[in-house]
Amino acid sequence: MVRSLSLVVLAGAAVSLTSARGANAWGDEGHRIVGRIALSLLTPQARRQVDALLAADTDTLTAPDFVARTTWADHWRDSDRNTTKIRYTATQQRHFVDIELTAPDLAQACAGSPLPAGSPASIELAQDCVLDKVRQFAAELADQETAGPERILALKYLLHFTSDLHQPLHAADNHDGGGNDVPQPNS
Ligand SMILES: [Zn+2]
């Protein structure tokens, strides 16, 4: 199980995309592309295990299939972005990590922050980043003792974060809001 499910992470990590943090229109398409590639790389055993987890998920924010679930984390974050901002505030930091281009320092960028003892990876933390979340959710997904709903969350977040992590503007910062403050060239 550990080995086969880790293929989901590796398959996603094998693909690089280019997308700004705020470019949500491109975001869904990019995540689906990564999802299709990841799906094609799963072993039959891993596919059965992943499908069983997804089949137990009752969330209706996206379609329930593997490829559609790669977009779930963005839709969850944005579902109250213009209203209460509860989900948005609790989860928006986990989609990226600002590693300074001029002085890269993983520890300063948050990587390696421990979870409070006994806490699930899905809890809101003041200091959160995509590197820590991939590590934490991968551990939960691989652990048969993880509670069912949390394990489903771990899978959905991993399906999404493995591609967020490999988008250059999600993992680098040049004092420009992770690229968001760079003016777009005239087309
Ligand atoms: Zn994202």
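Note that this is a predicted model, so its numbers are computed, not measured. All residue numbers refer to positions counted from 1 along the written sequence of the respective chain. Thresholds applied to this predicted model are a pLDDT of at least 70 for local features of residues and 80 or more for the giving and counting of side-chain atom pairs; totals over whole chains, interfaces and linings are not thresholded and use all residues. Hydrogens and water molecules were not included; the side-chain quantities draw on all heavy atoms of the structure.

1. As for the packing of helix α7 (residues 130-142) against helix α8 (residues 148-164)
A fitted line through C-alpha atoms represents every axis, and for helices the fit uses only the stretch in contact; the resulting angles, taken between N-to-C directions, go from 0 to 180 degrees. Each helix corresponds to a stretch of at least 4 residues labelled H or I by DSSP, and each strand to a stretch of at least 2 residues labelled E; elements are numbered beginning at the N terminus. Look at α7 against α8: their axes get within 9 Å of each other, and the N-to-C directions meet at 140°. Considered as vectors, α7 and α8 are oriented oblique to each other. For the crossing formed where α7 meets α8, the hand is left-handed. Seen from α7, the contacting residues are Val130, Lys133, Val134, Phe137, Ala138, Glu140 and Leu141; seen from α8, they are Glu150, Arg151, Ala154, Leu155, Tyr157, Leu158, Phe161 and Asp164. Polarity classes work like this: nonpolar for Ala, Val, Leu, Ile, Met, Phe, Trp, Tyr, Cys and Pro, charged for Asp, Glu, Lys and Arg, and polar for all others, with Gly in that last group. Its residues assigned to classes, the contact of α7 with α8 shows 10 nonpolar, no polar and five charged. Orientation categories follow fixed angle ranges, with anything under 35 degrees roughly parallel, anything over 145 roughly antiparallel, 65 to 115 roughly perpendicular, and all other angles oblique. By the definition used in this description, the sense in which the near helix is turned from the far one sets the handedness, with an anticlockwise turn below a right angle giving left-handed and a clockwise turn giving right-handed. Contacts are assigned to residue pairs that have any heavy atoms within 4.5 Å of one another.

2. Considerations on the state of the cysteines
In this description, the term disulfide denotes a pair of cysteine sulfurs within 2.5 Å. Counted under the stated rule, the structure contains one disulfide. Across the disulfide from cysteine 110 sits cysteine 129; the S-S distance is 2.3 Å. Measuring handedness by torsion sign, the sulfur bridge of cysteine 110 and cysteine 129 sits at about -105° and is left-handed. Placement of the pair is cysteine 110 in the loop between α6 (86-91) and α7 and cysteine 129 in the loop between α6 and α7, with a sequence separation of 19 residues. Across the pair, exposure class does not vary: cysteine 110 and cysteine 129 are buried alike. Remark: exposure states derive from per-residue accessible area (1.4 Å probe, protein chains only) relative to the maximum for the residue type, with buried under 20%, exposed over 50%, and partly exposed in between.

3. Observations regarding the packing of aromatic side chains
Two rings from Phe, Tyr or Trp (for Trp, the six-membered ring) form a pair when their centres sit within 6.5 Å of each other. Planes less than 30 degrees apart are called stacked, planes more than 60 degrees apart edge-to-face, and all others tilted. Under the defined criterion, the tally for this structure stands at five aromatic pairs. Consider the rings of tryptophan 72 and tyrosine 157, whose centres lie 5.3 Å apart with planes at 75°: the pair is edge-to-face. Residue tryptophan 72 is located in helix α5 (residues 72-78), and its partner tyrosine 157 is located in helix α8; the two are separated by 85 residues in the primary sequence. The residues tryptophan 72 and tyrosine 157 share a single accessibility class, namely buried. Considering the side-chain rings of tyrosine 157 and phenylalanine 161, the 5.1 Å spacing of their centres and the 20° angle between planes classify their relative orientation as stacked. With tyrosine 157 and phenylalanine 161 both in helix α8, this residue pair falls four residues apart, about one helical turn. Take tyrosine 157: its relative accessible area is 3%, and that puts it in the buried class. A residue is classified by how much of its surface remains accessible, and phenylalanine 161, at 0% relative accessible area, is buried. An aromatic cluster is built from Trp72, Trp76, Phe137, Tyr157 and Phe161, whose rings are joined through pairwise contacts. Geometry around tyrosine 157 places arginine 94 over its ring, the cationic atom sitting 5.4 Å from the centre. When the NZ atom of lysine or the CZ atom of arginine is within 6 Å of a ring's centre and also within 35 degrees of its normal, the charge is said to sit over that ring.

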